[in-house]
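Here is how the chains run, residue by residue.
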Amino acid sequence: MAAQPSKTENFSASPEEIPKAERAAQLLVVRLSAMGDVAMMVPVLRMVTVTYPNLKITVLTRAFFAPVLKDIHNVEVFEADIKGLHSGIFGLYRLAKDLRNLGINAVADLHNVLRSKVLKFLFYFYEIPVKQIDKGRAEKKLLTSEKNKVFKQLKSTHQRYADVFAELGYPIDLINHQYPPKQKLSQKISEITGTNFLKWVGVAPFAQHDSKVYPLDLMEEVLDKLNQSGKQKIFLFGGGKSETKKLEALAFKFENVISIAGKLKFEEELALISNLDVMLSMDSGNAHLAAMYGVPVIALWGVTHPYAGFKAFDQPMENCILPDLQKFPKIPTSVYGNVVPEGYEDVMRSIPPEKVVEKIKAPQPPKGE
């Protein structure tokens, strides 16, 4: 049985301060979804593997997310087939057994949902210790409450991830994080982007909930102003038939705007994102994908707020553009954007396109740079 790690409050402790018996040699990290949450793991995993170079990590997640993690030293992906082979209680039992056979001796559950809780129960019988993320549900409830709102900055999701590793005996200091170099662009990507000396701007105008999406007519104004300047080349990111159709229609109107939707594989999109000069995104996964490469991210917020802890990694608050909070004092109304009070349907219309363009032209770099 692996030694039970002791909790530590010193998250910036050096490896020498942690007894070797309290460090697992093979660690399982559980994060099944979603894309933004998986991307937020990346800087944390980088620091864990740099701080503990002999540690091997297996990440349990969806196959689609594997490219997000592919360049992290000593990290492998175990594909979770949650709709097929690993569905249901018997599928999770098979999954737990297969994972045990990898030789893991500790688990960092960064998801803390029903499936991962079942896995925790099964790992108990294998005598494999599991530590789970504290999502801070109580304080998030106070932050999003309409009455008696406690409006303050909560712990970031990145630090909540780091706390789990600390509980397992692997404290890290995210301040020491370093970004990887830009990825090399393939010939296919270069054929789409072309060769020029313009500033490359990524624009990801969609999100899971409409309450976090900048109105399309205002986004068109932003693109028009950027296009007229002649100093930026804009790449539109999105997926699915509906989004692809909308993005193609937008790109058709402007000389320096190209829709990437449906033209590249996910891994190729990541390579392009790593080469951007700035990304304009909603409170969505694309903000976190760009941030993990150190790309400045201008984030537009709707009924959600950075205080909930989902601001893109290392990005200064100056890059966050919020609605008029005096006019809409109930913000944030929810953590994920799924609660929209009456009269809050169009909060993002209080963000003028001119302000968005101004931020894109002069973004603040990540704080660590």
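Look above for the structure.
In this text the structure is predicted, and so the values were computed from the model without any measurement.

Caption draft 1: Focus on the sheet that holds strand β6 (residues 199-204). If you trace the 6 strands from one edge of the open sheet to the other, you get β8-β7-β6-β9-β10-β11, paired in parallel fashion. Two strands in the sheet have a free side with no partner beyond their single neighbour: β8 (257-259) and β11 (320-321). Relative to strand β7 (residues 232-236), β6 runs parallel, the two sharing 5 bridges. Each residue of the ladder has a partner; that of W200, found in β7, is K233. Packing of helix α8 (residues 216-229) onto the sheet brings it into contact with β6, β7 and β9 (278-282), and relative to β7 it is tilted by some 145°.

Caption draft 2: View of the packing of aromatic side chains. Taken as a whole and assessed by the stated rule, the structure comprises 10 aromatic pairs. Between Y52 and Y170 the ring centres are 5.1 Å apart and the planes differ by 85°, which places this aromatic pair in the edge-to-face class. On the criterion of sequence distance, the pair formed by Y52 in the loop between α1 (35-51) and β2 (56-61) and Y170 in the loop between α6 (157-167) and α7 (187-193) is long-range, its members being 118 residues apart. Here Y52 and Y170 have matching classes, each one buried. Centroid distance F151 to Y307: 4.8 Å. Interplanar angle 40°. Geometry classified as tilted. Note that F151 is positioned in the loop between α5 (137-144) and α6 and Y307 in the loop between β10 (297-300) and β11, a separation of 156 residues in sequence. Here a set of aromatic residues connected by ring pairs shows up, and it is made of F64, F65 and F266. Taking NZ or CZ as reference, R100 lies 4.4 Å from the ring centre of Y126, over its face.

Caption draft 3: Molecular detail of the pattern of salt bridges. The final tally for this structure, using the stated rule, is 12 salt bridges. R160 is the partner of E139 in a salt bridge, and the nearest nitrogen-oxygen pair spans 2.8 Å. Linking E139 in helix α5 with R160 in helix α6, this pair joins segments that are 21 residues apart in sequence. On the accessibility criterion, R160 (5% relative accessible area) is buried. Ionic pairing is found between E248 and K263, a salt bridge with its closest N-O pair at 3.8 Å. Of this pair, E248 sits in helix α9 (residues 240-252) while K263 is found in the loop between β8 and α10 (266-274), placing the two residues 15 residues apart along the sequence. On the basis of relative accessible area, K263 is assigned to the partly exposed category, the value being 34%. A single network of salt bridges, built from pairs that share partners, joins K70, D71 and E267.

Rules and cut-offs
For every chain, the first residue of the written sequence is number 1, and numbering continues from 1 along that sequence. In keeping with the model being predicted, local features are shown solely for residues with a pLDDT of at least 70 and side-chain atom pairs are shown and tallied solely at 80 or more, while totals for entire chains, interfaces and linings include all residues. With hydrogens and water excluded, all non-hydrogen atoms of the structure serve as input to the side-chain values. A pair of strands is considered paired only if DSSP assigns at least 2 bridges between the two. A run of H or I in DSSP becomes a helix once it reaches four residues, and a run of E becomes a strand once it reaches two; helices and strands are each numbered from the N terminus. Note on contacts: a residue pair is in contact if any heavy atoms of the two residues lie within 4.5 Å. Only the stretch in contact is used when a helix axis is fitted, and all axes are lines through C-alpha atoms; the angle between N-to-C directions ranges over 0 to 180 degrees. Within 6.5 Å between ring centres, the rings of Phe, Tyr and Trp (the latter by its six-membered ring) count as paired, and their orientation is classed by plane angle as stacked under 30 degrees, edge-to-face over 60, tilted in between. Buried, partly exposed and exposed residues are distinguished by accessible area as a fraction of the type maximum, computed with a 1.4 Å probe on protein chains only: under 20%, between the cut-offs, and over 50%, respectively. Two conditions define a charge sitting above a ring: the NZ of Lys or the CZ of Arg must be within 6 Å of the ring centre, and it must be within 35 degrees of the ring normal. Note on definitions: salt bridges are taken to be side-chain nitrogens of Lys or Arg within 4 Å of carboxyl oxygens of Asp or Glu.

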